[in-house]
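Structural characterization, general
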2 protein chains.
Amino acid sequence: MCAAAIPDIIIGRLPLYLRALSKMATEDKEITSSQELGARLGISSAQIRKDLSQFGEFGKQGTGYNIVFLIDQLRRILHVNQIWDVALIGAGDLGKAIANYGGFLNRGFQIVAVYDNDPHKVGQPAGKYIVRATRNIVDEIITKKIRVAMLAVPASEAQGIADQLVKAGIRAILCYAPTSLKVPEDVRIQYIDPVLHLQRMTYYMP
Amino acid sequence: MCAAAIPDIIIGRLPLYLRALSKMATEDKEITSSQELGARLGISSAQIRKDLSQFGEFGKQGTGYNIVFLIDQLRRILHVNQIWDVALIGAGDLGKAIANYGGFLNRGFQIVAVYDNDPHKVGQPAGKYIVRATRNIVDEIITKKIRVAMLAVPASEAQGIADQLVKAGIRAILCYAPTSLKVPEDVRIQYIDPVLHLQRMTYYMP
DNA sequence: TAGATTGTTAATCGATTAACAATC
DNA sequence: TAGATTGTTAATCGATTAACAATC
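The paragraphs below set out a description of the structure included in this document.

Residue and element names in this part refer to chain B. Read from one edge to the other, the open sheet built from three strands follows the order β1-β3-β2, with strand pairing classed as antiparallel. Bordering the open sheet on either side are β1 (31–32) and β2 (59–60), each of which pairs with just one other strand. Note: β2 against strand β3 (residues 64–66), two bridges, orientation antiparallel. When the bridges of β3 are listed, Gly59 appears paired with Tyr65.

If you want it as structure tokens, here you go:
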């Protein structure tokens, strides 16, 4: 006997709630309501209450939600009440920008190694990291017990690297390459392709 | 009397189809089927046929879809059978990476101006562009008739810039800042926040 | 108490899938 | 013709919303 799995579409909204609540916390707000949170995000208050109620009773009738408490709960639910080590593959312009980005740590992630297969880049700095040779990536990821990876390599190389990541025990891949990858179904994958978003918007523009 | 609007969730898949078909074209394939396309994307063949049938009858029974023809149709539907001028705001690491990215042009977009409000950056190169002062952005976007913008500035500045973009007649904003923005409902907005994707995956990881 | 907001139920709404006639 | 695949219908499935009792 096991509880029904929570729909992934709900899971997808929780990080959004967490982000908005974290911003409220920086504004020194203590309490919020499903209505206020929904207004900020463009989501109905009913949906927010329904989503949160999947995981517990976090609010108080007549009052709303304590922001710090709800942040703690969401971080726990999303498993970002810890810092995940992340491998970054690709030290081109985008890879370097990612390596330099300061917004990962306080949201649960830290890059611990940067890889590239270009001999001109290996050994050179990328942000505060020294670029390592992709050749050794499987062994190194296994040794370091890294389970999350970001892939910022050309589309033509992405599948080959992804195969190695899977072999190395990576369980979650964030792919910046504009291509669809095949990974085992027990490995999570998410994609970022800015052009998909742009094209989705130009459809509506005459 | 007007035809029912096509659901946005369908519009969101069309760029994905276009991307996969374009890849097939580079592989010198001429024909594909809803089944093959679906297998590549992890989408059911029924859904692909249903989605496409919203816009016309693009396939042949017994045969499938001509790839080049279907690419043409999708480009027409998504309005990327033209090149859209894009303004990029933010010339930090990420902005520079975006400015240098070579993958926009053959998918319907070209950056025509890069802005930053840091005096140390204004006048300096970002890729093949010279960074311009954000101070003048409204007039310049109006003059250049730009209607699409990418926003790669810190979250704290994003809303202020977005307000100016709206004033300048921008109709579509791709926001890389990790924050939710308020824009009029006739302005399209899409977000890219890598941490949202990472947190969505760690939920499933013990 | 009066006012406000939650958590939850039931109803509505919309999206996906299965199946198959049409037809290449 | 035989085999294959589309376009479409109807059925299923799942997500969202409206509404309200509970209660702070």
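Assignment of secondary structure puts Arg171(B) in the loop between α7 (155–167) and β10 (172–175). On a C-alpha basis, the gap between Arg171(B) and Ile130(B) in space is 24 Å, while along the polypeptide they are 41 residues apart. Ignoring anything within four residues of it in the chain, the contact list for Arg171(B) reads Met205(A), Arg147(B), Asp186(B), Val187(B) and Arg188(B). Among the polar contacts made by the side chain of Arg171(B), one reaches the main-chain carbonyl oxygen of Asp186(B) at a distance of 3.4 Å.

Contact with chain B, which involves 59 residues of that partner, is made by 59 residues of chain A. Each partner contributes to the roughly 5700 Å² buried at the junction of chain B and chain A, and carbon and sulfur atoms together form 63% of this total. Sorting the residues of chain B by area buried against chain A places Arg200(B), Tyr203(B) and Met205(B) first, and these three jointly supply 13% of that buried surface. Viewed at the interface, chain A and chain B are joined by six salt bridges. Residues Asp193(A) and Arg19(B) are paired through a salt bridge, measuring 2.9 Å at the closest nitrogen-oxygen approach. Applying the counting criterion to the chain B and chain A interface returns 24 residue pairs in polar contact (both at pLDDT 80 or more).

We now examine the protein's contact with DNA strand C. The environment of DNA strand C is formed by 25 residues, the closest being Ser34(A), Arg49(A), Gly59(A), Tyr65(A) and Gln47(B). In DNA strand C, the atoms that sit within 4 Å of the protein are 60% sugar and phosphate, with bases accounting for the remainder. Here a phosphate oxygen of DNA strand C and a side-chain polar atom of Tyr65(A) are 2.6 Å apart. One of the side-chain N or O atoms of Arg13(B) is found 3.0 Å from a phosphate oxygen in DNA strand C. Listed by contribution, the elements that provide at least two residues to the surface near DNA strand C are α3 (45–53), β2 (59–60) and β3 (64–66) of chain A together with α1 (8–26) and α3 (45–53) of chain B. Split into classes, the residues belonging to the surface near DNA strand C amount to five nonpolar, 12 polar and eight charged.

Quick notes on the rules
Residues numbered from 1 in each chain as written. Chains lettered and ligands numbered in written order. Predicted model: local features only at pLDDT ≥ 70, side-chain atom pairs only at ≥ 80, totals over all residues. Heavy atoms only, no water. Pairing = 2+ DSSP bridges. Helix = DSSP H or I, 4+ residues; strand = E, 2+ residues; numbered from the N terminus. Contact = heavy atoms within 4.5 Å. Polar contact = N/O pair within 3.5 Å; in protein donor to acceptor, adjacent residues only side chain to side chain. Buried area = accessible area lost by both parts, 1.4 Å probe. Salt bridge = Lys/Arg side-chain N within 4 Å of Asp/Glu carboxyl O. Near = heavy atom within 4 Å. Nonpolar A, V, L, I, M, F, W, Y, C, P; charged D, E, K, R; others polar.

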